[in-house]
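Chain by chain, the residues run as shown.
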Amino acid sequence: MDIVAKKLPKLPDLVETQYESFCSFLSIGFQSELASLSPIISYNGRLSLHFSSESFKVKIPFYHSREMKRRDYTFSSQICVKLALRSKTAGLLSEDEVFITNLPIMSDRGSFIINSVERVVINQLVRSPGVYFKSELSKFGKQIFSASIIARRGSWLRFEIDKNNLFWVRVDKTRKLNAYYFLRALGLTDDDIFSKVPPTTLALPEKKACTEEIALQQVYKELYPNEPVSVLGSQNVLYSRFFDKKRYDLGEVGRYKLNRRLFPNGGPDSSVLTKVDCLETLGALYQLSVGEGSVDDIDNFSNRRIRSVGEHLRVQTRQGLMRLEKIAKERMAVCDLPQITVKRLIDPKPVNIAIRDLFISNPLSQFMDQTNPLAELTHKRRITALGPGGLNKERV
């Protein structure tokens, strides 16, 4: 028997993907979300709340997972972070370790124990962030080309050509914007734009030259037709939609795919969109319309990726931290300066609720199939294209 046992190959860990994803969230993901949120600055700019990601602590659960299940508890750990409250005039006001959330911990079986019930967060097949070019026939039988820049987090940007061969832009599937005004509002000059596309493909102003201020006013007018035009408002809208790291993120995969498609010799390494990205996308779309280049197959597996439990937790954690930031700012505006402390500003409920929603109400979190060991293993390795951020029944 010993000789036969030595010849048997070692079985691989069939739920390794789930383990690695969850461990990556614990070691990198949670701390990255805290770092992107820090510092939280008050509305008047006088106070700032700083997260110390190095002091990030995951406390050991009180009992083993089997004991938690027997006691009808949730197998979870307390997450604590050290925070420092600073003032522009007085310097350091308060520093303390604060409880942020109760995080459900993955058991040694690759499942989560929520109120004594074992649940599994299944993997999701989603569209990979990046830039995609496609063509479709219009109702007049003409081939129409478009290019979409899809971010890991944030607004979608779509460039398209209409039946008159003019370029337009859509932000999150809203009404069409003039592509020329949009690029000028980003700070690009006429020489930059015309080096990529001919003027005949753009709806240019007829009477006077277009400055950056005029372009910003036109973009704001088209985005918000019922509001008073504001140059500063337009700048803030464009910044928050595409250039603010807290609201927009291409991700490592999105930046890699975008650079590979638009910059064969190397491009920017920024996690947010740049004006050069928009210009090169428009240029590549024009080349496609004149017969050069090729379209992308969005349904190809090379343009898809697996979103596992760690990334789902990261999305939910960010939502909770954004609500926590809003509450902290409101409390900064109300509390008296001598009595203000870190623990008075931080409310862990938003993060707790956001993470709890993933395991309780999200369709990707399911009761583990315990019919037999093989059914259990199959359930943990299941992949779906449905769910939040994926396909829905109407699109299928």
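Notes on the structure follow.

Focus: the overall build of the protein
Alright, step 1. Within the protein, the regular secondary structure consists of 13 helices and 15 strands.
Alright, step 2. Considering only C-alpha atoms, the protein reaches an extent of 80 × 70 × 40 Å along its principal axes.
Alright, step 3. Per-residue burial for the protein yields a buried fraction of 44% across its 396 residues.
Alright, step 4. Put simply, 63% of the contacts in the protein that link residues at least 6 apart link residues at least 24 apart.
Alright, step 5. As displayed, the protein has an accessible area near 21600 Å², and 52% of this comes from carbon and sulfur atoms.

A word on the nonpolar core
Alright, step 1. Ile 149, Leu 157, Phe 159 and Phe 182 are the most contacted members of the largest nonpolar core, which has 45 residues in total.
Alright, step 2. Here this core gets six residues from one element, more than from any other, and that element is helix α4 (residues 179-185).
Alright, step 3. When near neighbours in sequence (up to four residues on either side) are disregarded, Ile 149 contacts Gly 130, Val 131, Ser 155, Trp 156, Leu 157, Phe 159, Tyr 248, Leu 250, Leu 258, Leu 273 and Thr 281.
Alright, step 4. Of all hydrophobic cores here, the second largest spans 40 residues; its members include Phe 25, Phe 30, Ile 113 and Ile 346.

A word on the pattern of salt bridges
Alright, step 1. Taken as a whole, this structure holds 27 salt bridges when the rule is applied.
Alright, step 2. Salt-bridge contacts for Asp 190 lead to Arg 184; the nearest nitrogen and oxygen are separated by 3.5 Å.
Alright, step 3. Owing to a relative accessible area of 27%, Asp 190 belongs among the partly exposed residues under this scheme.
Alright, step 4. Judged by its relative accessible area of 12%, Arg 184 falls in the buried class.
Alright, step 5. Between Asp 244 and Arg 247 there is a salt bridge, and its shortest N-O distance comes to 3.9 Å.
Alright, step 6. Overlapping salt bridges, with partners in common, bring together Lys 69, Arg 109, Glu 118, Glu 376 and Lys 380 in one network.

Digging into the packing of helix α6 (residues 212-223) against helix α7 (residues 231-243)
Think of two packed helices as two axes; the pair is described by the angle between the axes and how far apart they sit.
Alright, step 1. Two numbers describe how α6 lies on α7: the axes approach to 8 Å, and their chain directions differ by 75 degrees. With respect to their mutual orientation, α6 and α7 come out roughly perpendicular. Where α6 abuts α7, its residues Glu 213, Leu 216, Gln 217, Val 219, Tyr 220 and Leu 223 lie against Val 231, Gly 233, Ser 234, Gln 235, Val 237 and Leu 238.
Alright, step 2. Split by residue class, the contact of α6 with α7 holds seven nonpolar, four polar and one charged.

A closer look at unusual backbone geometry
Alright, step 1. Looking along the chain, the bond that leaves Ser 38 and enters Pro 39 is cis, with omega of -5 degrees.
Alright, step 2. Note on placement: Pro 39 falls in the loop between α2 (16-37) and β1 (40-41).
Alright, step 3. One non-glycine residue, Asp 72, lies in the positive phi region at around 65 degrees.
Alright, step 4. Here Asp 72 shows up in the loop between α3 (65-70) and β3 (76-87).
Alright, step 5. Judged by relative accessible area, Asp 72 falls into the exposed class, the value being 52%.
Alright, step 6. Backbone geometry at Asn 165 places phi at a positive 60 degrees, although glycine is not the residue there.
Alright, step 7. Structurally, Asn 165 can be placed in the loop between β10 (157-161) and β11 (167-171).
Alright, step 8. A relative accessible area of 42% means that Asn 165 is categorised as partly exposed.

Brief notes about the packing of aromatic side chains
Alright, step 1. Inspection of the entire model under this criterion finds ten aromatic pairs.
Alright, step 2. Between Tyr 180 and Phe 194, the ring centres sit 6.4 Å apart and the planes meet at 5 degrees, which makes this aromatic pair stacked. With Tyr 180 in helix α4 and Phe 194 in helix α5 (residues 190-194), this residue pair connects regions lying 14 residues apart in the sequence.
Alright, step 3. Tyr 180 sits in the buried class, given a relative accessible area of 3%.

Focus on the environment of Ala 284
Alright, step 1. Turning to its location among the elements, Ala 284 is positioned in helix α9 (residues 275-289).
Alright, step 2. With relative accessibility at 23%, the residue Ala 284 sits in the partly exposed group.
Alright, step 3. Along the chain, Ala 284 and Ala 147 lie 137 residues apart, while their C-alpha atoms are 8.8 Å from each other.
Alright, step 4. With sequence-adjacent residues up to four places away left out, Ala 284 is seen in contact with Phe 133 and Leu 262.

Considering the packing of helix α8 (residues 251-262) against α9
Alright, step 1. One can describe the packing of α8 onto α9 by two numbers: an axis separation of 10 Å at closest approach and a directional angle of 45 degrees. Judged by the inter-axis angle, α8 sits oblique to α9. Crossing hand, α8 versus α9: left-handed. Facing Arg 255, Leu 258 and Leu 262 of α8, the residues of α9 in contact are Asp 277, Glu 280, Thr 281 and Ala 284.
Alright, step 2. Here the contact of α8 with α9 is built from residues that sort into three nonpolar, one polar and three charged.

Structural notes on the sheet that holds strand β5 (residues 112-114)
Sheets are built from strands paired through backbone hydrogen bonds, the pairs being either parallel or antiparallel.
Alright, step 1. Spatial ordering of the open sheet is given by β5-β6-β14, a layout of three strands whose pairing is antiparallel. On the outer flanks of this sheet lie β5 and β14 (365-367), each paired with one strand and no other. For this sheet, the mean inter-axis angle between neighbouring strands, taken without regard to orientation, is 45 degrees.
Alright, step 2. As paired elements, β5 and strand β6 (residues 117-121) share three bridges and run antiparallel to each other.

Thresholds, definitions, all that
Residues numbered from 1 in each chain as written. Predicted model: local features only at pLDDT ≥ 70, side-chain atom pairs only at ≥ 80, totals over all residues. Heavy atoms only, no water. Helix = DSSP H or I, 4+ residues; strand = E, 2+ residues; numbered from the N terminus. Buried < 20%, exposed > 50% of the residue type's maximum accessible area, 1.4 Å probe, protein only. Contact = heavy atoms within 4.5 Å. Areas by Shrake-Rupley, 256 points an atom, 1.4 Å probe, with all protein chains shown as cover. Core = buried A, V, L, I, M, F, W, Y, C linked by side-chain atoms within 4.5 Å. Salt bridge = Lys/Arg side-chain N within 4 Å of Asp/Glu carboxyl O. Axes fitted to C-alpha atoms, helices over the stretch in contact; angles between N-to-C directions. Parallel < 35°, antiparallel > 145°, perpendicular 65-115°, else oblique. Nonpolar A, V, L, I, M, F, W, Y, C, P; charged D, E, K, R; others polar. Phe/Tyr/Trp six-rings, centres within 6.5 Å; stacked < 30°, edge-to-face > 60°. Left-handed = near helix turned anticlockwise from the far one by under 90°. Pairing = 2+ DSSP bridges.

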